[in-house]
Structures are given as C-alpha cells and as structure tokens.
Amino acid sequence: MRTVNLFGFILLMQLPFVYAQDAERIESLKTAIVAAREAGKLQQTEQLTEELAVIATNRADPMVTADLQVVRAQNDISRNQYQEAIDKLYAAIPTLKAQHQHSRLANAYTYVGYSYYNLSEYKQALDYYYQAKTLFDLYSDTKGQSMVNSYTGLVLSAIGDYKGAILAYKTALETAIEAGYENETSQAFYSLGGLNAKLGNHRQALEYFSSSLEIDEKQGVVQNIAFNNGLIAESLYHLDELERAKSHATTAIRLFEQTQSVEYACMYKLTLAKVYIASSEYEKAQGIIDQVYKDADGHYPALALNTLLVAADLALKVEDYDRAVSLAETGIQQAQNAERMPVEEQFFQIKVAALEHSNRYEKGYRALQTLMEINGKLNDESKLKAISVAQAQTEAIRSKLELELQTKERALQEAELNRQLLLRNVFIVLILLLSILVFFLFRRQLLRKNNQYLSEQVRVQTRELNEKNDQLVQALKLVESDSITDALTGLKNRRYLEKFIDTDILLVDREYADWREGKSPKPLRSDLIVFVLDIDDFKAVNDTYGHHIGDEILAEFAERITQVFRQSDYVVRWGGEEFVAVARFVDRKRASRLAGRIKQALNEAHFAVHEGKLISVTASIGYACYPSMINSEEKGNWETLFAMADACLYLAKEAGKNTWVGLESVNDNRCLNDEFNKKTLSQFIQQNWVTVKRANRAGD
C-alpha cells in the first residue's frame, strides 16, 4: 500500500514537467506542420498532424483539442475542402471563446471567413472578417490586422466594392511594410494586383504580382508561388503575351497539383484554356473545359461559374451561337444569385455578341440595354475615383520598395483604360447600327453622352490628383480617429454617419434623376434603408443588474446587429441604448427581411453576461426607405429620413415592443412639408399618404 501511494506521489510531482514537455512539443509540431504545408509536403503534414492528435488524445485538454481542429481545418483549406474546414473551426471556436484565447479566436474567425469567401458566400465571409478584425484591433495584433484587411479587400473586390477594397488593401500594405512582415507584404501586393486586374490595368497588375512572387520564392511558400504564377499568366493573357502566359499557367497547375489543390489547379487550367482559345487551338481548349467540369464535380461554385464563362466564350468563337446564348443565360442567373456583377457583365457581353452574330437584333438590343446599365454601375464616378485613389494611395507605399510610378503615367493609364472601354462599346454598337436605324440613333446619342462624361471625369481626376490625395489622406485620418468611434461597442458614432450619409443620398438622387430624365434605365439596388433600433426596457436592466451588465449587453447587442449587415453598410451607436444602421445601395424590397433578421438575431439566444447570467434582450425597430417617393423629383435630406425611421420606432414601441414598423414609401408629398413624429405619422397612415409595413407577430 505504501509502495502504491509513493508511486502515485512521484507521478503527481512529475506531472508539471510532463505537461511542460507536451506544451513545448505541441508548439514545435504546429510550427513544423505550417512549414510542411507551405512547402507542399502533404504526406509529412498529415504525419505531423496525426502526431499532434495522439498528444491531444492523451492530454484530454480542450485547448489542445481545439488547436488540433484548427490545424486540421488549415490542412483542409490547403486542399480546397472549405466546408470541411468550416465544420472543424466551428467545433474549435466555443473552446477558444471559453478559454479567452482571443488571438487564436481571431485567427479561427479569419480562416472561417476565407473558407466562406472561396465558397462565394461573401456575406458570411465579411461577417467573420469583421469579428477577426475587431479582436486584432483590440489587442494591437498588427500581423493579424494586415492579413484580415487583405482578405477583406478580396471579398469587397469580388462583389464590386472597389473603393472599399482599395482602402482595405492600402491599410494592409502600410501595416505590413511598417512592421516588416514579408508574408503579409506579399499578400497585400498580391491583392493589389488582383484589383488592378479587375479594373483592366493588367500591366500594373503584372508588376504587383511579380513583386509578390519575388517575396514568395525567397520564402519558398509553394502555394503562394503557384497563385502568383497563375495570376501572372492571367495578366500576360490579357496583354496578348500568350507563350509566356502558357508557361506561367503550366507552372501554376503543376504546383497546385503537387499540393493537391484541386480547385486552383482547375482554375488555372481554365487560364490555359483561354490561351488556347486566343491561339485558335479550340480542340485543346474544349478538352480542358471538359476535364475541369469533371474535376470540379459541383463542389466549387466560383470555379463552376468561371468554367461556364470560358465555355460560353469558346462557343462564341466557334460560331455556335445558340449554345453561346444558352450558356450565357445560365451564367447570368448564377452570377446574379452570387451577387457577382463583374462576371454578370462578361456573360452579357457574350450574349449580346452571339445574338448580334445570329441576326437576333431585337433580343440583342434588350440585352445590350441591360449590359449598358451594368457597365454604367461598374464604371461610374465612384470607379473613376477608385482608380485615382488606388494610384494616389498605393504609390507612396510602393516607393518604399522602389516601385514608384510617375503621376503622368498613372493619368495616361487611366485615360487608356477608359479609351479601351469606349472603343469596345463603340465597336459593339457600330455593328448593330448597320442593321437597325432606330437603334443607331439611340446608341449614337448614348455613346456621345457617355464619352463626354467619362472624358470630362478623367480630365478632372488627372488635373486634381495631388489635391485629391491630400484630401483622401485627411479623410482617412478622420475615419481612423477616436472621435468618431464609440469606445464601448467599437462601432462608429453618429458623427461618422452624419459625415458620410449626405454623399450617399446625393448618389441615390443622381441615379433616380437620370432615370426620370430618360438618361438611364431604372436603377437596380440603388436604395438606402435607415433602421433605428432601441433596446426595450434597458433602464430596468441597468436598475436590476447594474451598469456594468448594461455595458456588456450594449457590446453584445452591437456585435449581433453588425452580423446582419454588410461591411459596406453603416452600423453606429447613436447614443445610450439607441443604434442606427443604414443598408446602402440595396433594393427596398429587402427592408422587411432585414428588420426580421435583426429581430431574429436578438431573439435566437439569451445574452450571456458577467458571471454566467443569461438575460433576454429585445429591441423595437423602425425603418424608412429612400427615396421616399420614387417617381417624384422631391429631394430628401438626412434629418427627415431619420425622423421617419424614428417615428416608426415609436409606433413599434406602442405596438408592444420586440417588433418592427417600416415606412416603405410616401404617396403624397404634402406630408413631406410637415414634421415627422409618431402623432403625424399615425395621421398620415389614416389619410393613406404613406405606405407602412408592420411585422407579422406570428413569425415576422
């Protein structure tokens, strides 16, 4: 008996030493796994991961198990198994939260966001990137800040928010260079190259990708080397350097196949197919397309969409116009569902060309109208400004690495970009003009206006580039300053919203004015929806539990409502327990659905606060849509719009709280001459001067 007790005592004394050894081995294994994965040594990666799994089983420590799940998720991501990675990360996140492992939690959020991005689930990707960024900012993790900003830029660029993407990339690059992070610097260059490629500036994109590749080759990160080779191939393809493009694409495919990255290998097989199409080697191109269809096997939505695009282009080139139209229409629907307007534009270009070549001019004319509307949205003033911002903001950073460009060259590149755009549109229209005289007159007038507008914008942007740069730097400092950020929730405050909302209102007014004057088709996704939210009975919460619990509820409330909106939307703390959110440039038909989602986000689970307390928290919601009167030239202002939403909020309170009321439209402009409050709004409703929608209490 003594012997057993003595043995147990000795074992107990050795435990701290054993656990310390395990901890050291775990960190060593995690480092080795990353190195093996980046070098493309997949078998070694799996062996090391299994060794980590043995330790996790023996230790029965929740944190070690969570670490193992994250490592396995990263392995899945490297093999393009994104849903599997998300499942493992979801399993790890509760433990990371419970153990207050904020740095690891932020990284896990980033990996979830990256997986959703690759599944084309952009809203979810932005939600998780925002959560990661909040933690990185809170703990001043500059490496994480740079990484998540680059990834955020990829999503914003994919959905056409070029201005937001530029700001994200610029911030990522500044942070990485100042801190000397080579991996993150490479990622930022890579992202900037991708954005320039989207804007059609392929020569500039090639420089960025080459800078990124130089860093990656020095560090030996196989997947990153593969990515840069693939994107260099894309840029060379657009610059008609087909042999060089073929060489880089082949290198990318070989490296991705080496790391068993099926999706990316297929992606750059499509680049190779496009090179073969440009070289008139159609059979080789078709063979690649068929192989990619087989390899993708329905697992990769973005890849499927790109394969469809290349197949449609090939059908157009071989003059199979019926097939080209059919593939284009399928692609248009899928691009709309994925909210990928730039890809939708490419499918419409193929459809218009196929209809024109097959003499179906009436359908071609209708398709061209839609194409011009999409084209206008992607090339309006905000895009021209985005190009100027990209040049002005990033060149100062690139000069630190001897990559500065001259201002004159930037201006010429802008002018060339717009000239090519105009020439392409002129070419399409000139062909149609030969067949339909009426369409000739309409299109000539449209092109003249478009030409004048774009030429004037380029001239102004070039002349004022230096002045705009100074203004943008000052604006960035304002955005990043503490004076417009709420310290408790991390949200922006009312000063921030009031600074920028008037610009959005002017943009909406301009789009609808152009439509009413017959200058453009009816705007799509061009409305603003203002939500005013007030936590129900918040004073009672403070009185019952204390203000420190009230502060925790405000912070959790902010996090939940933020997840409902996109990163490009505004979500601010207005004051006290009142919050304001603005859904920007959306269809007003989404208003009631968004209100329902806010309510659901608050009701689906109790708020967990200090010492494990669970508190039920609800809110009353009022919203108003802008423009208030679509067919009227009456221009609105922020104060009236807020008053409308606020009046709806009071009606929601009177209806019993935990509900929403929304002002969908104004039917009689007489009510715009009066002050909006709960009393006047009730009168307007009785007189049928406004259209108001209320929540269905049975299920919203």
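Residues numbered from 1 in each chain as written. Predicted model: local features only at pLDDT ≥ 70, side-chain atom pairs only at ≥ 80, totals over all residues. Heavy atoms only, no water.

## Brief notes about the overall build of the protein
For step 1, the next point in the chain: Looking only at helices and strands, the protein has 28 helices and nine strands in total.
For step 2, the next point in the chain: Taken across its 700 residues, the protein has 52% of its residues classed as buried.
For step 3, the next point in the chain: Contacts spanning at least 24 positions in sequence make up 66% of the contacts within the protein whose residues lie at least 6 apart.
For step 4, the next point in the chain: Surface accessibility of the protein: about 32900 Å² in total, with carbon and sulfur atoms responsible for 51%. (Helix = DSSP H or I, 4+ residues; strand = E, 2+ residues; numbered from the N terminus. Buried < 20%, exposed > 50% of the residue type's maximum accessible area, 1.4 Å probe, protein only. Contact = heavy atoms within 4.5 Å. Areas by Shrake-Rupley, 256 points an atom, 1.4 Å probe, with all protein chains shown as cover.)

## What to know about the environment of Val617
For step 1, the next point in the chain: Along the chain, Val617 falls in the loop between strand 6 (614-615) and strand 7 (619-626).
For step 2, the next point in the chain: Judged by relative accessible area, Val617 falls into the buried class, the value being 5%.
For step 3, the next point in the chain: Taking the C-alpha atoms as reference points, Val617 and Phe557, separated by 60 residues in sequence, lie 8.5 Å from one another.
For step 4, the next point in the chain: Beyond its immediate sequence surroundings of up to four residues, Val617 is in contact with Ile535, Ile553, Phe557, Leu602, Asn603 and Phe607.

## Thoughts on the packing of aromatic side chains
Here a ring pair, both rings aromatic, is described through the centre-centre distance and the interplanar angle of the planes.
For step 1, the next point in the chain: Within this structure, the stated rule accounts for 26 aromatic pairs.
For step 2, the next point in the chain: Relative to Tyr122, the ring of Tyr117 has its centre 6.1 Å away and its plane inclined at 50°; by these criteria the two rings are tilted.
For step 3, the next point in the chain: Here the aromatic rings of Phe256 and Tyr264 are separated by 5.4 Å at their centres, their planes lie at 35°, and the arrangement is tilted. The pair formed by Phe256 and Tyr264 is uniform in burial state, with each residue classed as buried.
For step 4, the next point in the chain: In this structure an aromatic cluster arises from ring pairing among Tyr190, Phe209, Phe227, Phe256, Tyr264 and Tyr268.
For step 5, the next point in the chain: Across from the ring centre of Tyr496, 5.6 Å away, lies the NZ or CZ of Lys492, which sits over that ring.
For step 6, the next point in the chain: The cationic tip of Arg560 hangs over the ring face of Phe607; the distance from NZ or CZ to the ring centre is 4.0 Å. (Phe/Tyr/Trp six-rings, centres within 6.5 Å; stacked < 30°, edge-to-face > 60°. Lys NZ or Arg CZ within 6 Å of the ring centre and 35° of its normal.)

## What to know about helix 2 (residues 42-59)
For step 1, the next point in the chain: For helix 2, built from 18 residues, the straight-helix expectation of 26 Å at 1.5 Å per residue is met to within 8% by its first-to-last C-alpha distance of 26 Å.
For step 2, the next point in the chain: For helix 2, every residue scored as buried is listed here: Leu42, Thr45, Leu48, Thr49, Leu52, Ala53, Ile55, Ala56 and Arg59. Projected down its long axis, helix 2 shows its buried positions confined to an angular sector of 165°, all on one face. Set apart from the buried face of helix 2 by more than 90 degrees, the exposed residues are Gln43, Thr57 and Asn58.
For step 3, the next point in the chain: Ala60 sits one or two residues past helix 2 and shows a positive phi near 50°. (Expected span 1.5 Å × (residues − 1). Arc of directions from axis to C-beta.)

## Focus on the packing of helix 2 against helix 3 (residues 62-78)
How two helices pack is summed up by the angle between their axes together with the distance between the axes.
For step 1, the next point in the chain: One way to put it is that helix 2 packs onto helix 3 with a least axis distance of 9 Å and a crossing angle of 160°. Considering their axes alone, helix 2 and helix 3 lie roughly antiparallel with respect to each other. Regarding helix 2 and helix 3, the two cross each other, and that crossing is left-handed. Of the residues in helix 3, those in contact with Thr45, Glu46, Thr49, Glu50, Leu52, Ala53, Ala56 and Arg59 of helix 2 are Val64, Thr65, Leu68, Val71, Arg72 and Asn75.
For step 2, the next point in the chain: Tallied by class, residues from the contact of helix 2 with helix 3 come to six nonpolar, four polar and four charged. (Axes fitted to C-alpha atoms, helices over the stretch in contact; angles between N-to-C directions. Parallel < 35°, antiparallel > 145°, perpendicular 65-115°, else oblique. Left-handed = near helix turned anticlockwise from the far one by under 90°. Nonpolar A, V, L, I, M, F, W, Y, C, P; charged D, E, K, R; others polar.)

## Some details on unusual backbone geometry
For step 1, the next point in the chain: A cis amide bond, omega 5°, links Tyr626 with the succeeding residue Pro627.
For step 2, the next point in the chain: You can see Pro627 is positioned in the loop between strand 7 and helix 27 (638-654).
For step 3, the next point in the chain: We note that Asp240 has phi near 65°; this positive angle belongs to a residue other than glycine.
For step 4, the next point in the chain: Non-glycine residue Lys657 carries a positive phi angle of around 70°.
For step 5, the next point in the chain: Along the chain, the position of Lys657 falls in the loop between helix 27 and strand 8 (660-666).

## A few points about helix 28 (residues 678-686)
What sets the pattern is the α-helix's 3.6 residues per turn: residues three or four places apart point alike.
For step 1, the next point in the chain: When we look at burial in helix 28, the residues that qualify are Thr680, Leu681 and Phe684. End-on view of helix 28: buried residues confined to an arc of 100°, all on one side of the axis. With respect to the buried face of helix 28, the exposed residues turned more than 90 degrees away are Lys679 and Gln686.
For step 2, the next point in the chain: Considering only its buried residues, helix 28 is in contact with helix 27, strand 8 and strand 9 (690-694).
For step 3, the next point in the chain: Structurally, the start of helix 28 carries an N-cap: the backbone nitrogen of Lys679 is 3.0 Å from a side-chain oxygen of Asn677.
For step 4, the next point in the chain: With its phi angle positive at about 60°, Asn688 sits one or two positions after the end of helix 28. (Polar contact = N/O pair within 3.5 Å; in protein donor to acceptor, adjacent residues only side chain to side chain.)

## Notes on the side chain of Asp668
For step 1, the next point in the chain: Within the secondary structure, Asp668 sits in the loop between strand 8 and helix 28.
For step 2, the next point in the chain: For Asp668, a relative accessible area of 16% translates into the label buried.
For step 3, the next point in the chain: Among the polar contacts listed, one links the side chain of Asp668 to the side chain of Arg670, at a separation of 2.7 Å.
For step 4, the next point in the chain: Once residues lying within four places of it in the same chain are set aside, the contact partners of Asp668 are Met629 and Trp689.

## A look at the nonpolar core
For step 1, the next point in the chain: Residues Phe256 and Phe347 are the most contacted members of the largest nonpolar core, which totals 116 residues.
For step 2, the next point in the chain: With near-sequence residues (within four places) excluded, Phe347 lies in contact with Leu305, Leu308, Leu309, Leu327, Ala328, Gly331 and Ile332. (Core = buried A, V, L, I, M, F, W, Y, C linked by side-chain atoms within 4.5 Å.)

## Structural notes on the pattern of salt bridges
For step 1, the next point in the chain: Enumeration over the complete set of coordinates arrives at 29 salt bridges.
For step 2, the next point in the chain: In this structure, Lys351 and Glu329 form a salt bridge, with 3.4 Å as the shortest nitrogen-oxygen distance. Of the two residues, Lys351 is situated in helix 17 (residues 341-357) and Glu329 in helix 16 (residues 321-337); the sequence distance between them amounts to 22 residues.
For step 3, the next point in the chain: Of the charged contacts in the structure, one is a salt bridge between Glu556 and Arg560, with a shortest N-O distance of 3.0 Å. Of the two residues, Glu556 and Arg560 both sit in helix 25 (residues 547-562), four residues apart, roughly one turn of that helix.
For step 4, the next point in the chain: Here the residues in one salt-bridge network are Glu27, Asp67 and Arg104, joined through shared partners. (Salt bridge = Lys/Arg side-chain N within 4 Å of Asp/Glu carboxyl O.)

## Re the confidence of the model for the protein
Interpreting fine coordinate detail is not advised for predicted regions of low pLDDT.
For step 1, the next point in the chain: With 80% of its residues at a pLDDT of 70 or more, the protein has an overall mean of 79.
For step 2, the next point in the chain: Contacts of residues 1-19 to residues separated by more than four positions or lying in other chains number one contact, the stretch itself having pLDDT below 50.
For step 3, the next point in the chain: Per-residue pLDDT stays below 50 along residues 380-412; that stretch engages in 73 contacts with residues further than four places along the chain or on separate chains. (pLDDT = per-residue confidence, 0-100.)

## Here we look at the packing of helix 6 (residues 122-138) against helix 7 (residues 142-158)
For step 1, the next point in the chain: It is at 10 Å that the axes of helix 6 and helix 7 come closest, and there the two elements cross at 160°. Classified by the angle between their axes, helix 6 and helix 7 sit roughly antiparallel to one another. Every pair of crossing elements has a handedness; the one defined by helix 6 and helix 7 is left-handed. Within the contact between the two elements, helix 6 uses Tyr122, Ala125, Leu126, Tyr129, Ala132, Lys133, Phe136 and Asp137 and helix 7 uses Gly144, Gln145, Met147, Val148, Asn149, Tyr151, Thr152, Val155, Leu156 and Ala158.
For step 2, the next point in the chain: In the contact of helix 6 with helix 7, the residues fall into 12 nonpolar, four polar and two charged.

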